[in-house]
Number of protein chains: 2
Amino acid sequence: MGDLRALWAARSVAVVGASTRRGTPGRLAVEFLQRYGYTGRIVPVHPTATEIAGLPAYPSVRAAGGVELALILVPAAAVAEAVDDCGRAGVRVAIVGTAGFAETGAEGRAAQDDLVRSAAVAGMRLVGPNCIGSAGFATGLVASFSPLFAALTPQSVGPDSGPGLTPGGIGFASASGALGFGTVSLALERGMGLRAAVSTGNEADVTALEALAELAPECVALMGYLESLHDGPALRALAATGKPTTLLVAGRSAAGARAAASHTGALATPDRVVDGALRQLGITRVSDVDELLDVGDAFALCSGRTPAGPRVAVVTTSGGSGILATDAIVLNGLTLAELAPSTVDALKEILPPYGSADNPVDVTATVMRDRTLMARALAAVADDDGVDVLVVCFCVLVGSDVDAIVAALSTVEKPVLVARTGADHLAPTAAGALRAAGIPSYPTPARAVRAAAALIGAASRAPSLPARRAESRGIPPGPTPRPPESRAEDADEDAVKRWLAAAGVRVPRGRAVHSAAEAEQAVREYGEPAVLKVVVPGLAHKTEAGGVLLGVTADTATAHYHRLAGLPGATGVLVEEQLSGGVELLVGVAPSPLGPALTIGAGGVHTEALDDVAVRLLPVTEHDVRDALGQTRVARLLAPLRGRAGADVDAFVALVRRVAALAANLPPGTTLDLNPVLVSASGAVVLDAALTQEG
Amino acid sequence: MGDLRALWAARSVAVVGASTRRGTPGRLAVEFLQRYGYTGRIVPVHPTATEIAGLPAYPSVRAAGGVELALILVPAAAVAEAVDDCGRAGVRVAIVGTAGFAETGAEGRAAQDDLVRSAAVAGMRLVGPNCIGSAGFATGLVASFSPLFAALTPQSVGPDSGPGLTPGGIGFASASGALGFGTVSLALERGMGLRAAVSTGNEADVTALEALAELAPECVALMGYLESLHDGPALRALAATGKPTTLLVAGRSAAGARAAASHTGALATPDRVVDGALRQLGITRVSDVDELLDVGDAFALCSGRTPAGPRVAVVTTSGGSGILATDAIVLNGLTLAELAPSTVDALKEILPPYGSADNPVDVTATVMRDRTLMARALAAVADDDGVDVLVVCFCVLVGSDVDAIVAALSTVEKPVLVARTGADHLAPTAAGALRAAGIPSYPTPARAVRAAAALIGAASRAPSLPARRAESRGIPPGPTPRPPESRAEDADEDAVKRWLAAAGVRVPRGRAVHSAAEAEQAVREYGEPAVLKVVVPGLAHKTEAGGVLLGVTADTATAHYHRLAGLPGATGVLVEEQLSGGVELLVGVAPSPLGPALTIGAGGVHTEALDDVAVRLLPVTEHDVRDALGQTRVARLLAPLRGRAGADVDAFVALVRRVAALAANLPPGTTLDLNPVLVSASGAVVLDAALTQEG
């Protein structure tokens, strides 16, 4: 088995720092291992005690021998020795719960780095430090001191005594221990079953991403809480497992990212890169704990039933819920299914006159008088080939009315999600019965539709990784001329444009000149009016520096040439045909912690103000580029309008793919900025281009 | 008392259609009145029975006499007679629960109109039809057949037997009965107390808005679910009560609005008008049932503590929760409070080294060992003058750890909201103890912050209505010249612009000409290049019709004049100075069901594609205009950028206010479109203008 499996499946667990005093973390951890039926060997490690909680205690892990997993809870100063002991004892995974490492500053970071080195030398994986441990739900292996495990009901006590350590198909990992086990408690409260929960704390070695990838083969769905996303290979490995994955990545805002960095000392990846990368890799991103559970639950319960498309039918006993569901369908970019005329006719036969036989289908409160009504209406809707997913809403129905609906729902083979907007005590068995039937249920129509949108999005956006690679390989990369020098002092618009042109990327006709006569000749050649631009290696904002002159004619070329050539640092003047008309976009490639990232979106003078871009990691497929473009608002300006022809989107997409292919061969740390790229009915042309190198 | 108070405070209630058969709505309604300690007179009305559920029954309301409120549950065909009976008997309010009226089509609508007329003749108010009734929580007056009232615990049984009919300070009204009482059940499950809940169904007479306004004097906060918002005076009356009000208005999407119309047959107000009107009137709009309860609860619990500003401090036992709260603060447009150096110093003394003494303040899980830590940290943060609101987060803490935090929170005088991300069973008494201390609590940091944002928004955006009126009156309206004819066949850009100019609104220099010689003369007068525009009364899209020519010189004026004058329907040619440079906005005034509405936002050729506008009802204050502008993305383009001067926002705001003042005097049904309005550093100029009249 993979080493990390020890976190939930080890046959022997040591608690290093086990305590003889009740209520301390070191004692609780031992008791939690005893509490949930763990059948492996439990090894309390204590300097002097020979027995703790009825178990033989040992002075060291080595003295005990045969330990696969160790939970280290000794004070920070003693952690290094404990890690060393575990390493020498052949432990596979050591969990360091103790805080006081990288999160406290440079000294703590150095101590943490030492732990990682020590573990690596021993061939041992290290979880934490500053974490709350992990739990295997099927094995009862609770290697954690979270107070949650004092409050759950042990299996032996029976199912009606509150939530227990419910095993199931969801794998969960969290960088935050407290929030992570809080989230676990809410999952168990909903009746969700978990395979394992792992908290990774400072992620000195093992990250939540890696834990999830290791959990994938044993799980039907994965959920994670992260405070940073900077390990590109681990992210791709997770995506490659193909398991539906839902991530809550905190630190969206700059202030939140700063707080995250101070919390665990992690690198910050710009949020739009995180967003683009997750979408590209088919991982569902959510923005709150509620949504993490809503979506994770839907993936787990509906794992056998993948939506065939985005067409959602709503069946409701309450007109109000139907309207809210419809609003949510539109808001989430789904399609309100258009029912076949035969379906509508069938529903008209079934429903009372004040119902609605069209989508949203309102079966009305008459379901309370006619127990077969819901089943008949559901059958009619589910049989419609134009329906991919059903969202079924009801509100204050109680007792056997709800039982009848649940029975009817259980017969539907397409994915079904339920919104039951009513207190639990009105139908105490409803949620459990729905869960047993594989139907996720939510308190509001909007939440049910949001979960449906995640199912539909994952089904539509995640072609398998091999297929994506094949698409990427299938595209002839075209010429990839050697890039120009790109250190800041060497950046030169003319050189970058010649490089782009050589690779088949369209740039304006033009050339660099070094005399007024040449300038005038070039203007005559390219046609009036022309553009003159100063060439100053390393100058980022030519326009603001007065280095760009538009509308130059042959008559004015000499005067304008001298004006530009006289600017500080000028090494020449670029004369180009003046193009206009069209939409100004930007195309950029820049380094990110996840690898080179492509940015496309609104360009020109309003780039910063509009902040309207989408990002994808390189390499990109055609699908990636079109999907990213579709996420921007500026893309709407490319469509035909009032008889005016639309822009040549295909040309722009081809340009982006050429640029992405070129950028793949640039040295690490290179930034390529094409802004603006003018896109019109006659194609896509790079009007300005810069290449810069970090450091 | 106002008539509608009978819905929750009547001293006598008739159930018309009371039934001798158990389990029927007509029997349940009688039993519900008996179940919750209602001390008034209960009058079952039945054609033949003399006793129902132990109460004397009467053949008619008139026969019983002295009835204030009647709940009518007879079949649709018998409703008219029942309403007539109630009217003659002097009933104040008749609730018609029966369905089968306007929601079924034209015939049903006619029958419904008859009910309204019959009630009006008798001076009686009518609630419904097609509703589920109402409930007074303090009086136990349940005039409803909702199954909810079979499931709540009567007061007599005791408080530990599940939710009862908890009285409190929240007034609730809902157009949907099932969703409304479902929402009520969720409110009671949270421990929220209500004054009354009213379902209004088809709203043939009484609307949810009106019910809320009537409830206002008796409530600390109001919540409503609406499926249409078309009664401007009722909306303004509700806002004028000054009670914090939260509305969930369904039908945001076009498809949702169609579903709403088919559900209750209500008029649809464009969603952006709804959005703008609610914001303008200081009413908080939410988008889901969860959020309605989250925000309504915060308004009710924090009613004595209004946030002084938007600066939020986060105090958390979990780093993860602190990051999520910080993200939410930024996302909601609030300010992460900057703590005073003295506060940070004080916190450093209090917190462990791996905590964080800066906002978000991480007190860490050490609160489990040190019971006074949270209280000391909270006191330090709450004493900071730079903090307006506290959001306090914790996760899996249990039992007495939670009690210590609740005790500490109870001493804070500033508004506090709690995020406790953990299952209920971990701290079963926490929510109740927090509620008793006037502190709302939520399962996630994002939801706590969202509720805080509603408190802060309401406090900052809702100057009292009299103050708003005074501001409106205080602005000298300036000249209001008589508007030009605005029927479609008379629309004429030149006339509209002269009217605007006379009112002090800047338009380009220009005039209409009727010969080539005049055109050439005008071009010389206004300077080259000039603009020539065809004048065709009623032509909406001049540019698309080839009716606008830019860059006209004196030399080309004759040819261009003839080209335009030859277009079909041309009555002249407008010659104007050609202005450029700046941002193209739009300013429009159009009729809406809520009254004339002002729209401002992104203009020019991209108006439809960008769909970037904000709306306010007339009249508007300066605050309204600036606030609306701030809601658009295009407003960012008006700011200074890289040394380029910013646009003259003041001039634009003044222009909008002049236009709004002018529009107030236009005949009903008039639409005024100014698009584009060119806004630059040198002011705001209306480049194109049209005035059209409905029908």
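What comes next is a walk through the structure. (Residues numbered from 1 in each chain as written. Chains lettered and ligands numbered in written order. Predicted model: local features only at pLDDT ≥ 70, side-chain atom pairs only at ≥ 80, totals over all residues. Heavy atoms only, no water.)

**So, the interface of chain B and chain A**
Line of reasoning, step 1. The partner chain A presents 76 residues to the 76 residues of chain B that form the contact.
Line of reasoning, step 2. Buried surface at the junction of chain B and chain A, both sides included, amounts to about 6,100 Å², of which 68% is carbon and sulfur.
Line of reasoning, step 3. Counting the contacts that link chain B with chain A gives 2 salt bridges.
Line of reasoning, step 4. The partner of R447 of chain B in a salt bridge is D290 of chain A, and the shortest N-O contact between them spans 2.5 Å. (Contact = heavy atoms within 4.5 Å. Buried area = accessible area lost by both parts, 1.4 Å probe. Salt bridge = Lys/Arg side-chain N within 4 Å of Asp/Glu carboxyl O.)

**Notes on unusual backbone geometry**
Line of reasoning, step 1. The residue after G128 of chain B, namely P129 of chain B, is reached through a cis peptide bond having omega -5°.
Line of reasoning, step 2. Along the chain, the position of P129 of chain B falls in the loop between β7 (125-127) and β8 (133-136).
Line of reasoning, step 3. The omega torsion of the bond from N359 of chain B to P360 of chain B falls at 0°, within 30 degrees of zero and hence cis.
Line of reasoning, step 4. For P360 of chain B, the location among the structural elements is in the loop between α14 (341-350) and β17 (361-362).
Line of reasoning, step 5. Even without being glycine, E203 of chain A reaches a positive phi, approximately 50°.
Line of reasoning, step 6. With respect to the helices and strands, the residue E203 of chain A is situated in the loop between β11 (194-199) and α8 (208-215).
Line of reasoning, step 7. Among the residues examined, E203 of chain A registers a relative accessible area of 17% and is labelled buried. (Helix = DSSP H or I, 4+ residues; strand = E, 2+ residues; numbered from the N terminus. Buried < 20%, exposed > 50% of the residue type's maximum accessible area, 1.4 Å probe, protein only.)

**Brief notes about the relation of the copies chain B and chain A**
Turning one copy of the chain about an axis and sliding it along that axis gives the other copy, so a rotation and a shift relate them.
Line of reasoning, step 1. Between chain B and chain A, the superposition needs a rotation of 180° and an axial shift of 0.0 Å, giving an RMSD of 0.1 Å. What we have between these two chains is a two-fold relation.
Line of reasoning, step 2. Comparing interface residues between copies, 100% of those in chain B also sit at the interface in chain A, which points to an isologous, same-surface contact. (Least-squares fit on C-alpha atoms with pLDDT ≥ 70 in both.)

**Let's talk about the sheet that holds strand β10 (residues 167-174) of chain B**
Residues and elements named next belong to chain B.
Line of reasoning, step 1. Here 7 strands make up an open sheet; going across it, the order is β9-β8-β11-β10-β12-β13-β14 and the pairing mixed. At either margin of the open sheet sits one strand with a lone partner, and together these are β9 (141-144) and β14 (284-286). When the angles between neighbouring strand axes are averaged without regard to direction, this sheet yields 15°.
Line of reasoning, step 2. Packing against the sheet, helix α7 (residues 177-190) makes contact with β8, β9, β10, β11 (194-199) and β12 (221-226), and its axis sits at approximately 165° to β11. (Pairing = 2+ DSSP bridges. Axes fitted to C-alpha atoms, helices over the stretch in contact; angles between N-to-C directions.)

**With respect to the sheet that holds strand β23 (residues 548-552) of chain A**
Residues and elements named next belong to chain A.
Line of reasoning, step 1. Strand order in the open sheet formed by 4 strands is β21-β24-β22-β23, with antiparallel pairing between adjacent strands. The open sheet has two edge strands, β21 (510-513) and β23, and neither has a second partner. Recorded for the sheet is a direction-independent mean angle of 20° between the axes of neighbouring strands.
Line of reasoning, step 2. Bridging between strand β22 (residues 530-535) and β23 involves 3 bridges; their strand directions are antiparallel. When the bridges of β23 are listed, K533 appears paired with V548.
Line of reasoning, step 3. Docked against the sheet, helix α20 (residues 493-502) engages β21, β22 and β24 (572-577), running at close to 45° with respect to β24.
Line of reasoning, step 4. Of the strands in this sheet, β21, β22, β23 and β24 touch helix α22 (residues 554-565), which is tilted by about 175° from β23.

**Section: α7 of chain B**
Residue and element names in this part refer to chain B.
Line of reasoning, step 1. Its 14 residues give α7 an end-to-end C-alpha distance of 20 Å, which sits within 8% of 20 Å, the value for a rise of 1.5 Å per residue.
Line of reasoning, step 2. By the criterion of burial, α7 is predominantly enclosed, with 12 of the 14 residues buried.
Line of reasoning, step 3. Of the residues making up α7, those classed as buried are G177, A178, L179, G180, F181, G182, T183, V184, S185, L186, A187 and L188.
Line of reasoning, step 4. For α7, the N-terminal capping position is held by S176, with its side-chain oxygen 3.2 Å away from the main-chain nitrogen of L179.
Line of reasoning, step 5. Where α7 ends, the next residue or the one after it, G191, has phi of about 95°, a positive value. (Expected span 1.5 Å × (residues − 1). Polar contact = N/O pair within 3.5 Å; in protein donor to acceptor, adjacent residues only side chain to side chain.)

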